[in-house]
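# Survey of secondary and tertiary structure
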Amino acid sequence: MFGKGYLAITFDQPVAKERYQGIVPLEGRNLGEAAQSYFAQSEQIPSLVRLAAEKRGGYWFAGGLLLQHLPEGEEGRDRLHTRLDHPDWPHVAILGGSVKAEELTDPELPLDDLIWRLFHDEEEVRTLPATALTRGCRCDPVYVRSVIARFPEDERAAMVGDDGMIRVDCAFCSSSFAIEPGQLA
Ligand SMILES: [Zn+2]
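This is a predicted model, so every value here is computed, not measured.

## As for the environment of Ile23
Relative to the assigned elements, Ile23 resides in strand β2 (residues 18-25). In the structure, Ile23 is positioned 17 residues away from Tyr6 in sequence and 6.5 Å away in space, judged by C-alpha atoms. Apart from the residues within four sequence positions on either side, Ile23 is in contact with Tyr6, Leu7 and Ala8.

Here's what the structure looks like:
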């Protein structure tokens, strides 16, 4: 899949109700390296990304690690992204980078255990309660119809496909919505 292309990363932050997208060239040997170069270019803070997907017992499992140098309270100090040296980072990045694909995709391996395996020699490791991930999208057929209904009639007519329907695809989850033009009026 790698060649001439772009990587679009969407950040959807329900708390801030903000969604923004970053687009960078698709660089590196794999998706993890491409994501890492996104962080290097856009946020300019040291980041490491490891991604893996593996088939286990007929099911695909995917997992990832995002390791990032966070500011330690920037008040009265240099802003992190303006600093050229990050003395603690190389060591932590080596530990994080030693994670194996089979560890990232093992559904039986609790995340706390994985963190322990990687960073148990460190002076201090703190974990926060996990957030459960769910699959889903906020696209809404009613909203999609209302957007299409606002187009002038001649433009809507131009959108009608061979099957007599207007089709709208969600770019985030690939859902396809079929709208009957006669029902929009
Ligand atoms: Zn969607």
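We are not done yet, so read on.
## Quick look at the coordination of the zinc ion
Around the zinc ion, the protein contributes the donor atoms Cys137 (SG), Cys139 (SG), Cys170 (SG) and Cys173 (SG), at 2.3 Å from the metal centre. Around the zinc ion, the four donor atoms sit at angles spanning 105 to 113°, and that spread fits a shape best called tetrahedral. Counting gaps between the donor residues of the zinc ion yields the pattern C-x1-C-x30-C-x2-C. Here Cys170 lies in the loop between β5 (166-169) and β6 (176-179) and Cys137 lies in the loop between α4 (111-119) and α5 (141-149), a separation of 33 residues in the sequence. The exposure class assigned to Cys170 is buried, which follows from its relative accessible area of 13%.

## Concerning helix α1 (residues 31-42)
The end-to-end C-alpha separation of α1 is 16 Å, in line with the 16 Å expected for 12 residues at 1.5 Å each. Along its buried surface, α1 packs onto β1 (6-13), β2, β3 (47-56) and β4 (59-68). With a side-chain oxygen lying 3.2 Å from the backbone nitrogen of Gly32, the N-terminal cap of α1 falls on Asn30.

## Digging into the environment of Glu180
Mapped onto the elements of the fold, Glu180 is located in the segment after β6. Its relative accessible area of 41% is what places Glu180 among the partly exposed residues. For Glu180 and Met165, which are 15 residues apart along the polypeptide, the C-alpha to C-alpha distance reads 5.1 Å.

## Some words on the side chain of Arg156
Within the secondary structure layout, Arg156 lies in helix α6 (residues 153-159). Sequence-distant contacts of Arg156, that is, excluding residues within four places in its chain, are made with Ile148, Ala149, Phe151, Ile166 and Leu184.

## Quick notes on a nonpolar patch on the surface
A surface patch of nonpolar side chains, about 280 Å² in accessible area, is lined by Phe2, Leu31 and Leu51. Note that Leu31 resides in helix α1.

## A word on the pattern of salt bridges
One pass over the full model with this rule turns up five salt bridges. Its salt-bridge partner being Glu33, residue Arg29 comes within 2.6 Å of it at the nearest N-O pair. Of the residues examined, Arg29 reaches a relative accessible area of 72% and is grouped as exposed. By relative accessible area, Glu33 is classed as partly exposed at 24%. Residue Glu124 is joined to Arg126 by a salt bridge in which the shortest nitrogen-to-oxygen separation is 2.9 Å.

## As for the pairing of β5
Where β5 meets β6, four bridges bridge the pair, whose relative direction is antiparallel. Residue Val168 lies in a different strand from β6, and its bridge partner there is Phe177. Connecting β5 to the antiparallel partner β6 that follows it, the hairpin turn spans six residues, and Ser174 within it adopts a positive phi of roughly 70°.

## Thoughts on the packing of aromatic side chains
In the structure shown here, the tally under the stated rule is three aromatic pairs. Seen in terms of ring centroids, Phe11 and Tyr20 are 5.2 Å apart; in terms of plane orientation they differ by 20°. Their pairing is stacked. Residue classification places Tyr20 among the partly exposed positions, given a relative accessible area of 39%. Of the aromatic side chains, those joined through ring pairs into one cluster are Phe11, Tyr20, Tyr38 and Phe39.

Procedures and definitions
- Sequence order sets the numbering: in each chain, residues are counted from 1 along the sequence as written.
- Thresholds applied to this predicted model are a pLDDT of at least 70 for local features of residues and 80 or more for the giving and counting of side-chain atom pairs; totals over whole chains, interfaces and linings are not thresholded and use all residues.
- Side-chain measures were taken over the full set of non-hydrogen atoms in the model, leaving aside hydrogen atoms and water.
- Under the DSSP-based scheme used, a helix requires at least four consecutive residues in state H or I and a strand at least two consecutive residues in state E, with every element numbered from the N terminus.
- In what follows, a contact means two residues having at least one pair of non-hydrogen atoms within 4.5 Å.
- Distances define the donors: N, O and S atoms within 2.8 Å of the metal qualify, as do those within 3.2 Å of Na, K or Ca. Water is excluded, so some sites may look unfinished.
- Only four donors with every angle between 85 and 135 degrees are called tetrahedral; only four or six donors with opposite donors over 155 degrees apart and all others between 65 and 115 are called square planar or octahedral, in that order; all others are irregular.
- Here the term buried applies to any residue with accessible area under 20% of the maximum for its type, exposed to any over 50%, and partly exposed to those in between, with areas from a 1.4 Å probe on protein chains only.
- Residue count minus one, scaled by 1.5 Å, sets the expected span of a helix.
- Within 3.5 Å is the distance limit for a polar contact, defined as a pair of N or O atoms, with the added protein rule that one can donate a hydrogen and the other accept it, and that residues adjacent in sequence qualify only through two side-chain atoms.
- Patch rule: a residue counts if its relative accessible area is over 30% and it has no salt bridge; like charges are joined within 9 Å, and nonpolar side chains (Val, Leu, Ile, Met, Phe, Trp, Tyr) within 5 Å.
- Where accessible areas are quoted, they stem from the Shrake-Rupley method and a 1.4 Å probe; at the residue level, only the protein chains shown are allowed to cover.
- Just to be clear on terms, a salt bridge is a Lys or Arg side-chain nitrogen sitting within 4 Å of an Asp or Glu carboxyl oxygen.
- At least two bridges found by DSSP between two strands is the condition for calling them paired.
- Whether two aromatic rings pair depends on their centres lying within 6.5 Å, for rings of Phe, Tyr and Trp, where Trp uses its six-membered ring; planes under 30 degrees apart make the pair stacked, over 60 edge-to-face, and the rest tilted.

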